[in-house]
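Residues per chain are reported as follows:
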Amino acid sequence: MNEGCIPTKTLLRSAEVMHLVRDRSAEFGVRGIDPKSVSFDLAAAVARKDNIVAGIQAGIYKNLDRNKNITFMKGHAEFTSPVDIRIDGTLVTAENSVLAVGSQPAPYAIPGLKEAGFITNYEALKLEELPNSMIVIGGGYEGVEFAQMYARYGTAVTMLGRAPRVMPKEEPELSEKLGDILREEGVDLHTSTEVVRAGAENGARFVLVREAGSERRYEAEVLLLAVGRNARVENLGLSEAGVEMDGPYVGADRRLRTSASNIWSLGDANGGLMFTHRATYDGPIAALNIVKALGREVDYRVVPRAVFTEPTLASVGLTEAEARAQGHEVRVGTADFAGSGRAKAIGLPVGMVKLIADDGTGELLGGHILGPRADDLIHEVVTAMYKKGSAEAIAKSIHVHPTLSEVVKRAAKALR
Amino acid sequence: MSDAYDVAVIGAGQGGLPAAHMAANLGAKVLLVEDREVGGT
């Protein structure tokens, strides 16, 4: 909420407004805007974001104050035993503990990077002055959002992805299309790259990249590293607590219990699906298992995901290739936003909906949407999948016209 | 002497907050600790 979800969505909204005003206002009939005279005030956008975040934080403190059974302490917690915790100077004991420590950018071993100086998502949300140029290292969630954001603000963005396409785990035709859209907006996107070295020279930073068999050099004012996240467990005293790690993440079972029987762990710290909504789902389950000993297991069968570019890419469940690899005979239904009157009306007739179902049972196995408001549209598919249902209800139920959801309905009809 | 809690939740982010509230609402004496900003990443 401070350096991820809400801040990025707030700043991405500024990028959308900038893009509309500078690049598209004439198309919508707005006159009097000279694209060359339009500039972006990053400090003002960051202030708007900070204001929104502060409001949400105030609400959190208010809720904590109201809950008489919660004592809140600001400070760094360190276990000295499975039940003893030192919070800065204060010693406390806890029968059970929950590690809800989240994640931080993974260290990335590029020779010279540290000396050259780089920023991560944390600093990228706090810049006061718009950089003239930026190299984004990483083609995943953070990489594509920041690349589009800064490109729309007016920064010359070079993006270096390691995989053959951005968002490499997503449905290929959709992530390929997202890459095309970023390129069309001016992002200098390079895929299948390996960054071999970074440095600084004459006030500019550079990276040396192995790409298509040769070595290339890119320069920019700012290097943004967006290459994955690890559990934030430094100086937490996990070995004193008896908690074992599973690689860079906290090891926890399906009941969210760690190797220490009275210590539980949830959310990003456990790796896997590192989304806020997963942590929010985990929280009450950990609490129920501790206080009521319910032995409840997490069910990550249907966890939607979204990257908040414009258009948005959102998905749930399996890709077509994953479904086939798991032995399913599949049926695929697709529909384009180009065929949507509403998408045309709002000026975003791009992208598609792709649904995947088991051919025998009709059960929905996955849904993939690249398009305007895909992050909201995906939930119709989520609900059907949660009920282990087919796409029948989506295909047959009446959808408001004209809405973007009609494209989801068309894809569902195409499945049959 | 140290304060004793039923449940200590380390991290007041979007997972720690619902865990703390749920445990507290179920009657546990909860300590919630955060070293940065509440609300998480």
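These numbers come from a predicted model, not from an experiment. (Residues numbered from 1 in each chain as written. Chains lettered and ligands numbered in written order. Predicted model: local features only at pLDDT ≥ 70, side-chain atom pairs only at ≥ 80, totals over all residues. Heavy atoms only, no water.)

### What to know about the interface of chain A and chain B
What counts here: Contact definition: two residues touch when any of their heavy atoms are within 4.5 Å. By definition, the buried area sums, over both parts, the 1.4 Å-probe accessible area that each loses when the two are put together. Put simply, a salt bridge is a Lys or Arg side-chain nitrogen that is within 4 Å of an Asp or Glu carboxyl oxygen. Pairing of N or O atoms within 3.5 Å defines a polar contact, subject to two protein rules: one partner must be a possible hydrogen donor and the other a possible acceptor, and residues neighboring in sequence count only if both atoms are side-chain atoms. Think of it this way: any DSSP run of H or I at least four residues long counts as a helix, any run of E at least two long counts as a strand, and we number them from the N terminus. Residue polarity is assigned by list, with Asp, Glu, Lys and Arg as charged and Ala, Val, Leu, Ile, Met, Phe, Trp, Tyr, Cys and Pro as nonpolar; anything else, Gly included, falls into the polar class.
Between chain A and chain B, the contact holds 50 residues from the first and 39 residues from the second. Here chain A meets chain B over a buried area of about 3700 Å², counting both sides, of which 60% is carbon and sulfur. Here chain A is connected to chain B by 1 salt bridge. Of the charged contacts in the structure, one is a salt bridge between A:Arg232 and B:Asp35, with a shortest N-O distance of 2.8 Å. At the boundary of chain A with chain B, the tally comes to 24 residue pairs in polar contact (both at pLDDT 80 or more). Mapped onto the side of chain A that touches chain B, the elements with two or more residues apiece are helix 2 (42-66), strand 1 (70-74), strand 2 (77-79), strand 3 (84-87), strand 4 (90-99) and helix 8 (276-291) of chain A. For the side of chain A that touches chain B, the residue count by class is 28 nonpolar, 16 polar and 6 charged.

### Some thoughts on the packing of aromatic side chains
Two descriptors summarise a pair of aromatic rings, namely the distance from one centre to the other and the angle between the planes of the rings. Our working definition: The criterion for an aromatic pair is that two Phe, Tyr or Trp rings (for Trp, the six-membered ring) have centres within 6.5 Å, with stacked assigned to planes under 30 degrees apart, edge-to-face to planes over 60 apart and tilted to the rest. Here, over-ring charges are defined by two tests on the NZ atom of lysine or the CZ atom of arginine: distance to the ring centre within 6 Å, and angle to the ring normal within 35 degrees.
Under the criterion given, the structure shown has 5 aromatic pairs over all chains. Ring geometry for A:Tyr150 versus A:Tyr153: centroids 5.3 Å apart, planes at 75°, classification edge-to-face. Taken together, the residues span about one helical turn, with A:Tyr150 and A:Tyr153 both in helix 5 (residues 141-153) at a distance of 3 residues. Taken together, the aromatic side chains of A:Phe40, A:Tyr150 and A:Tyr153 make up a single cluster linked through ring pairs. The lysine or arginine in question, A:Lys126, covers the ring of A:Tyr122, its NZ or CZ lying 4.7 Å from the ring centre. In this structure, B:Lys29 is placed above the aromatic ring of B:Tyr5, and the distance from its NZ or CZ to the ring centre is 4.9 Å.

### Considerations on empty space enclosed by the protein
Unoccupied space between atoms shows up once a probe the size of one water molecule is rolled over them. Residues and elements named next belong to chain A. To be explicit about the condition: Buried and open spaces are told apart on a 1 Å grid over the protein atoms alone, a cavity being a set of points where a 1.4 Å probe fits but cannot get out and a pocket being an open set with protein on both sides within 12 Å along at least five of seven lines. Residues with an atom within 4 Å of a point are the lining residues. Grid points are joined across faces, edges and corners, and a volume is the space filled by probe spheres set on the points.
Taken as a whole, this structure holds 1 cavity of 30 Å³ or more when the rule is applied. Its volume calculated, the largest cavity comes out at about 40 Å³. Pro105, Ala106, Thr120, Asn121, Glu142, Leu225, Ala226, Val227, Gly228 and Arg229 together form the lining of the largest cavity.

### Focus on the sheet that holds strand 10 (residues 204-211) of chain A
Residue and element names in this part refer to chain A. Applied cut-off: The criterion for strand pairing is that DSSP finds at least two bridges linking the strands in question. Axis lines are fitted through C-alpha atoms, for helices just across the contact stretch, and the angle between N-to-C directions can take any value from 0 to 180 degrees.
Strand order in this open sheet of 3 strands is 9-10-11, and the pairing throughout is antiparallel. With partners counted over all chains shown, the strands left at the sheet margins are strand 9 (193-201) and strand 11 (214-220), one partner each. Neighbour to neighbour, the strand axes of the sheet diverge by 25° on average, direction disregarded. Note: strand 9 against strand 10, 8 bridges, orientation antiparallel. Pairing of glycine 199 across the sheet is with phenylalanine 206, part of strand 10.

### Describing helix 8 of chain A
The cut-off we apply is this: Here the expected length of a helix is defined as 1.5 Å per residue gap, with one fewer gap than residues. Think of it in three bands: residues with accessible area under 20% of the maximum for their type are buried, residues over 50% are exposed, and the middle band is partly exposed, with areas taken using a 1.4 Å probe on protein chains only.
For helix 8 of chain A, with 16 residues, the first-to-last C-alpha span of 23 Å sits near the 22 Å given by 1.5 Å per residue. Taken residue by residue, helix 8 of chain A has A:Arg278, A:Ala279, A:Asp282, A:Gly283, A:Ile285, A:Ala286, A:Ala287, A:Leu288, A:Asn289 and A:Ile290 as its buried positions. Residues of helix 8 of chain A that are buried in the fold lie against strand 4 and strand 16 (263-265) of chain A together with strand 1 (3-10) and helix 1 (16-25) of chain B.

### Thoughts on the environment of A:Arg229
Mapping A:Arg229 onto the fold places it in strand 13 (residues 229-231). Relative accessible area serves as the criterion here: at 13%, A:Arg229 is assigned to the buried category. In the structure, A:Arg229 is positioned 81 residues away from A:Gln148 in sequence and 20 Å away in space, judged by C-alpha atoms. Not counting residues within four places of it along the chain, the set of residues in contact with A:Arg229 comprises A:Glu3, A:Ser103, A:Gln104, A:Pro105, A:Ala106, A:Asn121, A:Glu142, A:Tyr249, A:Met274 and B:Thr41. Separated by 2.8 Å, the side chains of A:Arg229 and A:Ser103 make a polar contact.

### Notes on the nonpolar core
As a rule of thumb, soluble globular proteins bury nonpolar side chains together. Residues and elements named next belong to chain A. We apply this condition: We call a set of buried Ala, Val, Leu, Ile, Met, Phe, Trp, Tyr and Cys residues a nonpolar core when their side-chain atoms join them within 4.5 Å. Throughout, the edges of the domains are those of an automatic or database domain assignment.
Counting residues in each nonpolar core, the largest one holds 37 residues, and the members touching the most others are Met149, Tyr150, Tyr153, Met159 and Val187. Contributions of two or more residues to this core are made by helix 1 (5-24), helix 2, strand 6 (133-137), helix 5, strand 7 (156-160), helix 6 (172-184) and strand 12 (222-225). At 7 residues, helix 5 tops the list of elements feeding residues into this core. Two domains each donate at least three residues to this core, and these are domain 2 (113-229) and domain 3 (311-414). Contacts of methionine 149, omitting those with residues within four sequence positions, involve Thr8, Leu11, Leu12 and Ala15. By size, the runner-up hydrophobic cluster in this structure holds 28 residues, among which are Leu355, Leu377, Val382 and Leu415.

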